[in-house]
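Residue-level listing of the chains:
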Amino acid sequence: MRKKMKKELKIVPIKNGTVIDHITAGQALNVLKILGINARTDAVLSVVMNVRSKKMGRKDIVKVEDRELKPEEVDKIALIAPNATINIIRDSEVIGKHSVYLPKSIEGIISCANPNCISNAEKEPVISKFITVSENPPRFRCVYCERIMEDVSGSL
Amino acid sequence: MFVMFAKRHIISIRDFSKEEIDYILSRSEELEVYARAQPLRGSEKKSDLLEGKILANLFYEPSTRTRFCFETAMKRLGGEVINLSSTEASSVAKGENLADTIRIVSGYCDVIALRHPQEGASRMAASFSSVPVINAGDGAGQHPTQTLLDLYTIKREGLLDDLRIALIGDLKYGRTVHSLAYALSLYGATLFFVSPEALRMPDEIKLDLKEAGAEVFESVDIKEVIKEVNVLYVTRIQKERFPDPAEYSKVAGTYRIDTELIKENEDVIIMHPLPKVDEIDAAVDGTKNAKYFLQAFYGVPVRMAVLSILLGK
Ligand SMILES: Nc1ncnc2c1ncn2[C@@H]1O[C@H](COP(=O)(O)OP(=O)(O)OP(=O)(O)O)[C@@H](O)[C@H]1O
Ligand SMILES: [Mg+2]
Ligand SMILES: [Zn+2]
């Protein structure tokens, strides 16, 4: 069993579904969080972390069976994994491949790193909102306090 | 001048184009005659431009000068003012959230000036308000009417078009200098940042300014730039920023403006957002270079302009 896995990246070949490849190493669980996949999911999932990659040194991979993720669902991944590629698998073949693009603005999902920002005030009816100021490296400006956030992986 | 002034609120200087700022400054100039005290009987310039309009001053933090200034601006244009003082505000704040307070108060007035300790409070308030909201300072965030009155002072001194300005003091935490630097980048000003190493202008703000096209120089020594500039914009260096009080005294002393320094450039003007403590020697107050009290006065015509524009007058 172990030998087989070592040889090939395709640990779990899937017939139909989505492979999210080239995820920034260490961010696979955050990718699931952004996709809204949590412990209660019944989707068949495999998560591979910190595998070697020619392009990226190390990377994570997420495979979701029997679900073809739509671009608007997956674009938000670019927040933490700007190089991710989405591969749609049908009948075990890659039939579609696309990159992720940061949305121009992001509502909800991440919270502002500034503890004194009104968007973090519990009793106010307000949802965080950020404007993307640069894509790679990703930088975001909070619409409320106007601070720039760079690494948002800790703020999901 | 015809300008499409479409903004309903004054939240952050970033929301405004250069043309919109120019429009506010030229309105300020028109209204300045009504801003002054009226010493001579019979020669009063009175205005009823905002008669029947009510400004609500919602100050969740003490700030006597800004609140007075808004009140004066409104009253000199014939308008009226209702006030929520910081102590009243804090008791409100214990129960009701800001969103609800704004929804209620905006039903009692025509325009709101809001000072709040949390960054972004005014942006949020605007989304719940049925009347225009003016950000009168939000925590360590924006204070756009301060920036506008700084620009107005520079314009009135005839320096806005060929400005070479030194921003001095706490450039790391000082919110006024961040917004001012951003606005000045729209005017193609040359900016000199003068601060102790520990209080330098944050990189993200410098990046922003460069993207906006500003020319930026940095120095730790005022003497190095005094001959290069036509404005010294001085800000306070706060003791709390230094863990070691001895270090503070040493640093603060280096950035003190005195008459000796002014001799190096007799035409330079000196601005300060006030209150000042001891970063400017008292002997400077009486010189022709000192413009900070005039600058504080200019808050009146600028806030008059902002109020009248937002109220469609
Ligand atoms: N049937 C499948 N089951 C599971 N994973 C698959 C399947 N087919 C492809 N993959 C995985 O999907 C990703 C993309 O596959 P592809 O064959 O396009 O690889 P590639 O040529 O390396 O593409 P890229 O240039 O994007 O790296 C790879 O990580 C691959 O291991
Ligand atoms: Mg590959
Ligand atoms: Zn924020």
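Calculation criteria
- Residues numbered from 1 in each chain as written.
- Chains lettered and ligands numbered in written order.
- Predicted model: local features only at pLDDT ≥ 70, side-chain atom pairs only at ≥ 80, totals over all residues.
- Pairing = 2+ DSSP bridges.
- Helix = DSSP H or I, 4+ residues; strand = E, 2+ residues; numbered from the N terminus.
- Axes fitted to C-alpha atoms, helices over the stretch in contact; angles between N-to-C directions.
- Core = buried A, V, L, I, M, F, W, Y, C linked by C-beta atoms within 7 Å.
- Buried ≥ 20, exposed ≤ 12 C-beta atoms within 10 Å, placed from the backbone.
- Contact = placed C-beta atoms within 7 Å.
- Domains from an automatic or database assignment.
- Near = placed C-beta within 6 Å.
- Nonpolar A, V, L, I, M, F, W, Y, C, P; charged D, E, K, R; others polar.

Student: So what's going on with the sheet that holds strand E1 (residues 54-59) of chain B? Residues and values would help.
Tutor: All names here are of chain B. The sheet built from 4 strands is open, its strands ordered E2-E1-E3-E4 with parallel pairing. With partners counted over all chains shown, the strands left at the sheet margins are strand E2 (80-84) and strand E4 (133-138), one partner each. Looking at each pair of strands side by side, their axes are set apart by 15° on average, direction ignored. In terms of strand pairing, strand E3 (residues 111-116) meets E4 through 4 bridges, oriented parallel. Within the sheet, the bridge partner assigned to Ala113 lies in E4 and is Ile134.

Student: Report on the nonpolar core, specifying residues and quantitative values.
Tutor: A:Ile77, B:Ile112 and B:Leu167 are the most contacted members of the largest nonpolar core, which has 123 residues in total. Every residue in contact with B:Ile112, bar those within four places of it in the chain, is listed here: B:Ala56, B:Leu58, B:Val105, B:Ser106, B:Ser129, B:Val131, B:Val133 and B:Ile134.

Student: Give me the lowdown on the domain arrangement of chain A, citing residues and values where you can.
Tutor: Residues and elements named next belong to chain A. Partitioning chain A into domains gives domain 1 (2-99) and domain 2 (105-155). Once you take the C-alpha centre of each, domain 1 and domain 2 turn out to be 26 Å apart. If you look at the interface, domain 1 gives 8 residues, while domain 2 gives 8 residues.

Student: Go over the site of ligand 1 with me, naming the residues and quoting the values.
Tutor: Residue and element names in this part refer to chain A. In the neighbourhood of ligand 1, 14 residues make up the surrounding shell, with Pro13, Ile14, Val19, Asp21 and Ser92 lying closest. Elements with a minimum of two residues in the shell around ligand 1: strand E1 (17-24), strand E3 (57-65), strand E4 (85-90) and strand E5 (93-99). Sort the elements by how many residues they give to the shell around ligand 1 and E4 lands first, with 3 residues. Residues belonging to the shell around ligand 1 are distributed by class as follows: 7 nonpolar, 3 polar and 4 charged.

Student: If you had to explain the interface of chain B and chain A to someone new, which residues and values would you point to?
Tutor: Across the contact, 14 residues belong to chain B and 16 residues belong to chain A. Within the residue set of the side of chain B that touches chain A, elements represented by two or more residues are helix H4 (98-105) and helix H5 (121-128) of chain B. With 3 residues, H5(B) is the largest single contributor of residues to the side of chain B that touches chain A. Tallied by class, residues from the side of chain B that touches chain A come to 4 nonpolar, 7 polar and 3 charged.

Student: Residues and numbers for the environment of A:Asn83, please.
Tutor: Residues and elements named next belong to chain A. Note on placement: Asn83 falls in the loop between helix H3 (71-74) and E4. Each C-alpha atom of the pair Asn83 and Val62 lies 14 Å from the other, and the pair is 21 residues apart in sequence. For Asn83, the residues in contact, after removing those within four places along its chain, are His22, Thr24 and Met56.

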